Amino acid sequence: MLYLYLLAGGALAASLLKDRNKTKKALQAAWKMFIKMLPMILGIVAAVSLLLYVLPDNVIAEYLGAENSLAGIGFALIIGSVSLLPGFITFPLSGLLLRQGVSYTVLAAFTTTLMMVGIITFPMERRFFGTKLSVYRNIAGFVIALLVSLCIGLVYGEVF
Amino acid sequence: MEQKKKKPVVLYVFLGLYLLFVAVSFIINFEPGKTIFDHFTLFVVDMFKLFPAAFILVGLFMVWVDRGVVERYFGEYSGFRGHLLAILLACTTLYPFVVVLPMASDLYKKGAKLEIVLTYLGASAICRIPMTIFEATFLGIPFTIIRYAVSLPLIIVSSIVIGKLMKKKQAKMG
């Protein structure tokens, strides 16, 4: 996060030195974009907070650690698709799940869908890229997650 | 490519109900409601700490990176190199998906090829450097290497396929 601010500060300073007018325009554009997206962002966060209550960590662990690994992968794909977690929560959580006996295969399915498939952010994506393209993109993400998880399973010797 | 503006009624209704739910929870001391709101504030604070810097960067990007640059590196004839550059750009992403979206849409408007925008979007989800460090720490470096090796080629392939699909649709409509 510090790097982000250093980068933004540096870029802003460089931009100011080069062209004040353009910099002003950039800041105005940034502000307008932020205001336009604000309700959507709040909506997403509200939805996530509800979801996290319905699906707390231990419930997730229980389903993902299912004896039947195929069911585990299935749950992982679904939970990962509907949830939205920031990276700094996702990976510590995955580390925790790993220690509780959840397989690498299932974790790969979970983390990849978390990152690539966003049911919660779908309304927002649709506004920028249209329904059809967003649907294609999310389906592709889902398939990629499945393939990644199978490959991880093969390499770690967890499937077949 | 932004859709025509219509008021997102559902969103406002949802936010209104959510607010009402939280307010009522606090009045009648309903514990689940309070827990949910705790999560809400935690996430909002966390995200909003990033937003000023993230939006400034995107704003600067929009103003300084003009059509010519985008077309040269990410345009119709950028080919495989365009995909590689999109992945490199994605790796340096430091902000959430909601900020990546307007940036990707700006790239597209400035003449980037659709499949390259899609590669950028996909790669920004899976190969951010800060996130990767986290992942390797908690799940091990081999895990991360396999995930990269499998998902990046698939992202490029799927982007090309989706790009072609969308093009066909447009041609049909036209």
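Here the structure is a predicted model, which is why all the values come from computation and not from measurement.

With that settled, the discussion passes to the domain arrangement of chain A. Residues and elements named next belong to chain A. Looking at the assigned domains, one finds that chain A contains domain 1 (1-54) and domain 2 (56-160). Domain 1 and domain 2 are separated by 28 Å when their C-alpha centres are compared. Facing 10 residues of domain 1, the contacting portion of domain 2 comprises 11 residues. Remark: the boundary between domain 1 and domain 2 carries 0 salt bridges. Along the contact surface separating domain 1 from domain 2 lie 0 residue pairs in polar contact (both at pLDDT 80 or more). Grouping the constituent residues of the side of domain 1 that touches domain 2 by class yields 10 nonpolar, no polar and no charged.

This brings us to the side chain of A:Thr105. Along the polypeptide, A:Thr105 turns up in helix α6 (residues 104-116). Dropping the residues within four chain positions of it, A:Thr105 is found in contact with A:Ile73, A:Ser149, A:Ile152, A:Gly153, A:Glu158 and A:Val159.

Turning our attention to helix α7 (residues 129-139) of chain B. Residue and element names in this part refer to chain B. The complete set of buried residues in α7 reads Met 131, Thr 132, Glu 135 and Leu 139. For α7, the angular spread of the buried residues around the axis is 100°, confining them to a single face. Opposite the buried face of α7, at more than 90 degrees from it, the exposed residues are Ile 133 and Thr 137. One or two steps after α7, the chain reaches Gly 140, where phi turns positive at roughly 95°.

Another aspect to go through is the packing of helix α1 (residues 2-18) of chain A against helix α2 (residues 20-54) of chain A. All names here are of chain A. Relative orientation of the contacting elements α1 and α2 amounts to 135°, with a least axis distance of 6 Å. When the axis of α1 is compared with that of α2, the two are oblique. Of the residues in α2, those touching α1 at Leu 12, Ser 15, Leu 16 and Lys 18 are Arg 20, Thr 23 and Leu 27. The class makeup of the residues in the contact of α1 with α2 is 3 nonpolar, 2 polar and 2 charged.

Right, let's talk about the nonpolar core for a bit. A:Leu64, A:Leu97, B:Tyr95 and B:Val98 are the most contacted members of the largest nonpolar core, which has 97 residues in total. Counting residues per element, this core draws most heavily on helix α2 (residues 31-64) of chain B, which supplies 13 residues.

Every contact between the two is made by 71 residues of chain A and, on the other side, 69 residues of chain B. The junction of chain A with chain B conceals about 6600 Å² of combined surface from both sides, 84% of it contributed by carbon and sulfur atoms. Scanning the region where chain A abuts chain B turns up 0 salt bridges. Applying the counting criterion to the chain A and chain B interface returns 4 residue pairs in polar contact (both at pLDDT 80 or more). Elements represented by at least two residues in the side of chain A that touches chain B include exactly α1, α2, α5 (87-99), α6, α7 (122-129) and α8 (131-155) of chain A. A total of 24 residues in the side of chain A that touches chain B trace back to one element, the largest contributor, which is α2(A). When the residues that make up the side of chain A that touches chain B are grouped by side-chain class, the tally is 50 nonpolar, 11 polar and 10 charged.

The rules behind the values
Residues numbered from 1 in each chain as written. Chains lettered and ligands numbered in written order. Predicted model: local features only at pLDDT ≥ 70, side-chain atom pairs only at ≥ 80, totals over all residues. Heavy atoms only, no water. Domains from an automatic or database assignment. Contact = heavy atoms within 4.5 Å. Salt bridge = Lys/Arg side-chain N within 4 Å of Asp/Glu carboxyl O. Polar contact = N/O pair within 3.5 Å; in protein donor to acceptor, adjacent residues only side chain to side chain. Nonpolar A, V, L, I, M, F, W, Y, C, P; charged D, E, K, R; others polar. Helix = DSSP H or I, 4+ residues; strand = E, 2+ residues; numbered from the N terminus. Buried < 20%, exposed > 50% of the residue type's maximum accessible area, 1.4 Å probe, protein only. Arc of directions from axis to C-beta. Axes fitted to C-alpha atoms, helices over the stretch in contact; angles between N-to-C directions. Parallel < 35°, antiparallel > 145°, perpendicular 65-115°, else oblique. Core = buried A, V, L, I, M, F, W, Y, C linked by side-chain atoms within 4.5 Å. Buried area = accessible area lost by both parts, 1.4 Å probe.

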